[in-house]
Every structure is written in structure tokens, then in C-alpha cells.
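Residue-level structural notes
Chain residues, written in single-letter form:
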Amino acid sequence: GEIAVRTFRAGTELGMRTVAIFSEADRLATHRYKADESYCVNPGETPVGAYLGYEGIIETAKKNGVQAIHPGYGFLSENANFARRCEEEGIIFIGPRSETITQMGDKVIAKSLAKECGLPLVPGTDNSTDNVEEAEEFAKEFGMPIMLKAALGGGGRGMRIVRTMGELREAFTRASSEALSAFGDGRMFLERYVEAPRHIEVQILADGHGNVVHLHERDCSVQRRHQKVVELAPAPILDPALRKTLHDDAVRLAKHVNYRNAGTVEFMVDKEGRHYFLEVNPRIQVEHTVTEEVTGVDLVQSQILIAGGATLADIGITCQEDVQVQGFAMQCRITTEDPQMSFAPDFGKVEVYRPPGGMGVRLDGEVVVGSRVSPNYDSLLVKLTCKEKNFMSVIQKMYRALGEFRVRGVKTNIPFLLNVLQSETFLSGEFATDFIDSTPSLFDLESTQDDMTKLLSYLADVAVNGASHPGAVGPAPTVVEPVPPKPSSETPPPGFKQIIDEQGPAAFAKAVRDHKGMLLMDTTWRDAHQSVLATRMRTRDLLASAPATADALAGAYSLEMWGGATFDVSLRFLHECPWQRLEMLREAVPNVPFQMLLRGANAVGY
């Protein structure tokens, strides 16, 4: 939902009406309420399957007059068939052309195109394979270690590092199976593994008229299991000549494939400063926020405008020099993962959500108090992006912002991120993709137990149920079911209600004046359960006590059993008819007058 909300905001700022889609499981998801319209797609499908069924999505779009579709990232964002079907149906696909997605989505084809325009490549297979014997032949020729990669897809799925021949067969089988499950294609390609490189990617932007610019680079080297954790723009401590070469190579490749819209060209940089083409992501990236912050270019708005036919000049970029970098930006991906449990995903209800703020602090997400984190999707909760004038200042700002975050109800990786920011290696700016794996101190986490919530829950439990653990003060909860008293006769004794009904109000008033002793007004049926149980006593609960009440309080002045809250809760929360309650209780208690508490603006009257 995060990228959906980001896209809706961009569209709204451009004066467009926005439309959300949602699965049946996401009918209460926040993102659908951020759009002008929202529609359920592919009912009956699984939560993930609903978003992958592009024919149903296209049908919904056509039925509701949708002119353009932004695929976000993940799901169908790199699905060439989806882009092609949009083109066939006359719907604008906000992204590259379908043929470009086909070329860039297949890593083997992408490497071939990169080789054509002179980009350096790591030694690897020219074609993908699902044959483990071919993988073993490659390993024998080029040596170990090697990297296995899914021919289609990304995000670390279907990817394995194999260091010995003995591991290869099992690793290949597992990676191929994972790729088949995630992307529908189990083919793999192999390349020589570059030990502990930096991961540098260049943001490109191209219109449909052959104009291409780069929006400088991002350093995405802080990774865990090939998933990016912290991203920076620009890359710190990068040789200026290498920086320019990366930019030039990215633009050259984009022009070579006639690229259109936003995309990312990714590179590895080894310890000797040599760079190698990695892949092209033909979509908006999760980490696009850091590029926006340092360049001032709204990438999502640019995507929409270019898809509509705008040139780079139309969006304010007449030449490469128009894109300048100011300061440093950093993004941390805050996920619902438990670092102390091997980053196992956590899910549930967000009980407390207090985000940071201030100058240079940006949040991208859809979470609010009460949001439910689903086990069906990625564990990303919110993206926190900070901007400052230099590398050390942006680290300090990010550390402050993370420290302000308060999230309760689900575990997060915030304690781990704070450790990353304090690491000497990270502070030096000389980190690589092995940084997390080679720094065990990052996992020495301070306790993040939600002590206040635990205390409040304990106090509430004791207040309602009594103390239950050894040494606790107070009586244990009773397990004796109280026995309601039995009425003395089947017919309730006569009371003041009979005087009103038979002799009228004047006789009732005289009887009250002539009464010797105290008259009782009982408020159990209104004030007692309103104060103790939030007026949640149902009609059936009150009726169960009615015979005993009519007998025990036969001589009472009245039963105060009605008021504004009683009426409101009965109707709105208990879904009962208030008038029917009055009729049923009157039938069960015919002998005692009923009384209502009526509050006015400046008076309380009976």
C-alpha cells in the first residue's frame, strides 16, 4: 500500500482523479481510502493472487474509465505481459514499453544488450539454464565462488552464493524451485561471484523522444540476504572518475535500448574500484525517495507525465546540467521483523504509532494506529528518509528520527537500524555488501520490551480478573457462579405503578407524600452497567434479572433504567431495538415505575 499512496499523492498534485484496487482481504486497507475511488479486483482469489491477475485488473480499469495504470513495485511492475495487455486495450502503462520490460526482465538478454554497448560484465553464462549439470560445468571452468540468479525477477529471491562444488547441486535445486514459485520460471543463470562489492545504482529518466538523463547514483550496499536495508544518495567516498563512468554507462545503455520512463541501472564495484553491470530494474524503486530529496525531482510525477507524452524539457529538465545534487539523503526501511529472532516477520495490530518529524524528515507509508500488518505481503511498515548537508549530518538526523519512533503491537527492526548507524564501518563510509554479515555486533540489541503496554495490560487484567500469580496482592478471581434469588411468588407484588395506572398521577403523588419512611430509586439498569460495563448489558441480560428485581424492589419509588447512552448503545453497538427493550422490561416488571435520566443543555431533569 505504501507505493500506492505515494502514487495517489503524485496524481492528486497533478490534478488527476485516482483509483485504487484492493483484494477481498484488503477491504479495510488504508490505501483504498487515499484514492478518489477504489474497487475490489479478482474476488475469490488469494490476497497475492488478486494483485497478480492482470486480466481482472484490466477489466476493472476499462469498466470504470481508467486511462492509465501505475504498477508500483513488486507484483506486476516487471510483468511484460501485463504491460502489453494494457497497450492492447488502450490503457497507458506508466513505465517502460512492454518490449523493454521483456529485455530488461530477462537478465541474460539484459547482459547481452549491456555487452553490445560496452558495459563491463562479470564472467557468466550467456543463456539461462535449469540443468544442474551445466551449472557444474560452468563452475569447473571459472572456479568458485559463483552466484546463482533467477533468470527472471529480483529482490533476492532465487539467488544463492555457492562457495564449494559440494554445495552446488542442492543450492541450484533450491534456488530454481524458489524462482519457479516466485516468478513462474525456474531457469537460472550463473556468474562468477565478486566478493564483497559495493552495490551502486544509477537512476535514469527518459522520455519517448530519445532524451535520457541520469539523476545521479545511490549506494545500496547495506544489505541483508540481498535485501536492501539502508540506501544513500549520493554514494559516499566514491572516486569522481568512477562516478562519472557509472553515470555515462547507465545513460548509454538506456539510449541503446530506447528506454522510456524511470528505471535503475545497477552495478557492482569491487575492492579494486572496477565496476560491473548487474541488471536494470524497469520500474520505480523502493529507494527512489533519496534521489528525489537530493535532486528535487519528483520521480513519480515525472513517470506519470512522461507516460502521458511529456518530454524531459516539459518537466523542467532541458539538459543533464539541470539535475544537480544538493546534500545527502538516507532511507531506512522500517520493517515488522524481529531482529532477535533471525528477522522473522511479525504481524498483528499496530497499537501505538508515533512517528518522528522535523526539517529534513520524510515518511512514506500508510500505517496508522489500528492498522493490521498482514502476513500475506512484504514486511515493510514505513520508509523513513532524512536529508542533510553532508554524510555525517544525515546519519545524525536519521539516528535522532529512529529514536523518536514509537511502534507498539508488532516488532520492528528499529533497534537493529540504530546499531547500523553507530557502527564504525558504517560511519567511515567504506562499507560493502558484506557489511551486515561480517559485523556480528549489529545483532547485540538492547531490550525493546514495551514495558508501559505490558504494565497497563497487567493492571487491567488484575482489575478485571483479580491477581493470579504467586505473591500477588489481592483476592484470586472467584470461580463460584452466583445463584440468582428466586421471587417469592409467580406474580410480582403490587407497587406504585399500579397506583399510577389505576388512580392516576394525583393519587401517585399523594401516595408518595403519605409514605412513611425512605423511598428507594434503583439505578442498576442504567448507571451501574453504564459506569462498569460501558452500557453493554444486553436486553436478554436485563430480562434475566427482571423477575427478581420486580419481587425485591416491589416497594421502590422507581427503577432508573433509561437515558441517552442507554438508547445510543442499544441501537448502535448492541444492534437492538431500544423501544422493544422498554416493552419487554415493562412486561417483566409491571409493578415499579420506570424512570429516565434526561440531560438538557443547562439542566438535569427527571
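Nothing here was measured: the structure is a model prediction, and the numbers come from that model.

**Observations concerning the overall build of the protein chain**
- Scanning the protein chain from N- to C-terminus turns up 21 helices and 25 strands.
- The principal-axis extent of the C-alpha atoms belonging to the protein chain is close to 110 × 60 × 50 Å.
- Among the 606 residues that make up the protein chain, the fraction classed as buried is 48%.
- Within the protein chain, counting contacts between residues at least 6 apart in sequence, those at least 24 apart form 66% of the total.
- Entry remark: accessible area of the protein chain is about 29,900 Å², with carbon and sulfur atoms responsible for 53%.

**Concerning the packing of aromatic side chains**
- In total, this model carries 21 aromatic pairs according to the counting rule given.
- Taking 5.8 Å as the distance between ring centres and 85° as the angle between the ring planes, the aromatic pair formed by Phe82 and Phe93 counts as edge-to-face. Here Phe82, found in helix α4 (residues 80–88), pairs with Phe93, found in strand β4 (residues 92–93); they are 11 residues apart in sequence, far enough to count as distant. We note that Phe82, like Phe93, is buried.
- Three or more aromatic residues link up through ring pairs in this structure, and these residues are Phe328, Phe391, Phe426, Phe431 and Phe435.

**With respect to the sheet that holds strand β7 (residues 188–192)**
- With respect to topology, 3 strands assemble into an open sheet ordered β6-β5-β7, the strand pairing being antiparallel. Pairing within the sheet leaves two strands with one partner each, and these edge strands are β6 (160–162) and β7. Each strand of the sheet is rotated relative to its neighbour by a mean of 25°, with strand direction disregarded.
- Where strand β5 (residues 146–150) meets β7, 5 bridges bridge the pair, whose relative direction is antiparallel. Bridge pairing in β7 places Leu148 opposite Leu190.

**Quick word on the packing of helix α19 (residues 539–552) against helix α21 (residues 578–588)**
- Contact pair α19 / α21: the axes reach a minimum separation of 9 Å and the direction vectors enclose 25°. One way to sum up the angle between α19 and α21 is to call them roughly parallel. Our pair here, α19 against α21, has a crossing hand that is right-handed. Residues Thr539, Leu542, Leu543, Ala546 and Ala550 of α19 form the contact with α21, whose participating residues are Arg581, Met584, Leu585 and Ala588.
- Within the contact of α19 with α21, the residues separate by chemical class into 7 nonpolar, 1 polar and 1 charged.

**Considering the pattern of salt bridges**
- Inspection of the entire model under this criterion finds 44 salt bridges.
- One salt bridge in this structure joins Arg362 and Asp364, with 2.7 Å as the shortest N-O distance.
- Residue classification places Asp364 among the buried positions, given a relative accessible area of 3%.
- Sharing partners across several salt bridges, the network here consists of Glu201, Arg218, Lys228, Glu231, Glu266, Glu287 and Arg333.

**Thoughts on the confidence of the model for the protein chain**
- Taken as a whole, the protein chain shows an average pLDDT of 90; of its residues, 95% reach a score of 70 or greater.
- Low pLDDT, under 50, characterises residues 602–606; the predicted model gives this stretch 10 contacts beyond four residues in sequence or across chains.

**Some thoughts on the environment of Gly210**
- Looking at the element boundaries, Gly210 is found in the loop between β8 (198–206) and β9 (212–224).
- For Gly210, a relative accessible area of 42% puts it in the partly exposed group.
- Residues Gly210 and Asn258, spaced 48 residues apart in sequence, show a C-alpha to C-alpha distance of 6.7 Å.

**Notes on the nonpolar core**
- Counting 39 residues, the largest nonpolar core has Val222, Val230, Met330, Ile334, Leu384, Leu402 and Phe426 as its most contacted members.
- If you list the elements that add at least two residues to this core, you get β10 (227–233), β13 (328–335), β20 (380–388), α12 (391–404) and α13 (414–422).
- Beyond its immediate sequence surroundings of up to four residues, Ile334 is in contact with Ser379, Leu380, Leu381, Val382, Leu384, Leu402, Phe405, Thr412, Asn413, Ile414 and Leu417.
- If you look at the next biggest cluster of nonpolar residues, it comprises 26 residues, including Ala206, Ala250, Leu253 and Phe277.

**Things to note about the environment of Thr245**
- The residue Thr245 is located in helix α9 (residues 240–256) in this model.
- As a C-alpha pair, Thr245 and His275 span 30 residues in sequence and 9.1 Å in three-dimensional space.

**Some words on the sheet that holds strand β18 (residues 361–365)**
- Overall, antiparallel pairing links the 8 strands, which are arranged β12-β11-β8-β9-β10-β13-β20-β18 in an open sheet. The open sheet terminates on both sides in strands that have one partner only, identified here as β12 (275–281) and β18. Strand-to-strand twist in this sheet, taken as the mean axis angle between neighbours without regard to direction, amounts to 25°.
- When β10 meets β13, the two strands line up antiparallel, connected through 4 bridges.

**What about a nonpolar patch on the surface?**
- Taken together, Met452, Leu455, Leu456, Tyr458 and Leu459 make up a surface patch of nonpolar side chains, about 500 Å² in accessible area.
- Note on placement: Met452 falls in helix α15 (residues 451–465).
- Classification of Met452 as exposed rests on a relative accessible area of 53%.

**A closer look at helix α5 (residues 98–105)**
- When α5 is considered as a whole, its buried residues turn out to be Ser98, Thr100, Ile101, Met104 and Gly105. Taken down its axis, α5 places every buried residue within 155° of arc, on the same side.
- Residues of α5 that are buried make contact with α4, β4, α6 (107–116) and β12.

**Structural notes on the side chain of His199**
- Relative to the helices and strands, His199 is located in strand β8.
- Among the polar contacts made by the side chain of His199, one reaches the side chain of Glu266 at a distance of 2.7 Å.
- The contact partners of His199, leaving out residues within four places of it in the chain, are Arg218, Asp219, Cys220, Ser221, Gln223, Lys228, Glu266, Phe267, Leu278 and Thr433.

Calculation notes
- Residues numbered from 1 in each chain as written.
- Predicted model: local features only at pLDDT ≥ 70, side-chain atom pairs only at ≥ 80, totals over all residues.
- Heavy atoms only, no water.
- Helix = DSSP H or I, 4+ residues; strand = E, 2+ residues; numbered from the N terminus.
- Buried < 20%, exposed > 50% of the residue type's maximum accessible area, 1.4 Å probe, protein only.
- Contact = heavy atoms within 4.5 Å.
- Areas by Shrake-Rupley, 256 points an atom, 1.4 Å probe, with all protein chains shown as cover.
- Phe/Tyr/Trp six-rings, centres within 6.5 Å; stacked < 30°, edge-to-face > 60°.
- Pairing = 2+ DSSP bridges.
- Axes fitted to C-alpha atoms, helices over the stretch in contact; angles between N-to-C directions.
- Parallel < 35°, antiparallel > 145°, perpendicular 65-115°, else oblique.
- Left-handed = near helix turned anticlockwise from the far one by under 90°.
- Nonpolar A, V, L, I, M, F, W, Y, C, P; charged D, E, K, R; others polar.
- Salt bridge = Lys/Arg side-chain N within 4 Å of Asp/Glu carboxyl O.
- pLDDT = per-residue confidence, 0-100.
- Core = buried A, V, L, I, M, F, W, Y, C linked by side-chain atoms within 4.5 Å.
- Patch = residues over 30% accessible without salt bridge, like charges linked within 9 Å, V, L, I, M, F, W, Y side chains within 5 Å.
- Arc of directions from axis to C-beta.
- Polar contact = N/O pair within 3.5 Å; in protein donor to acceptor, adjacent residues only side chain to side chain.

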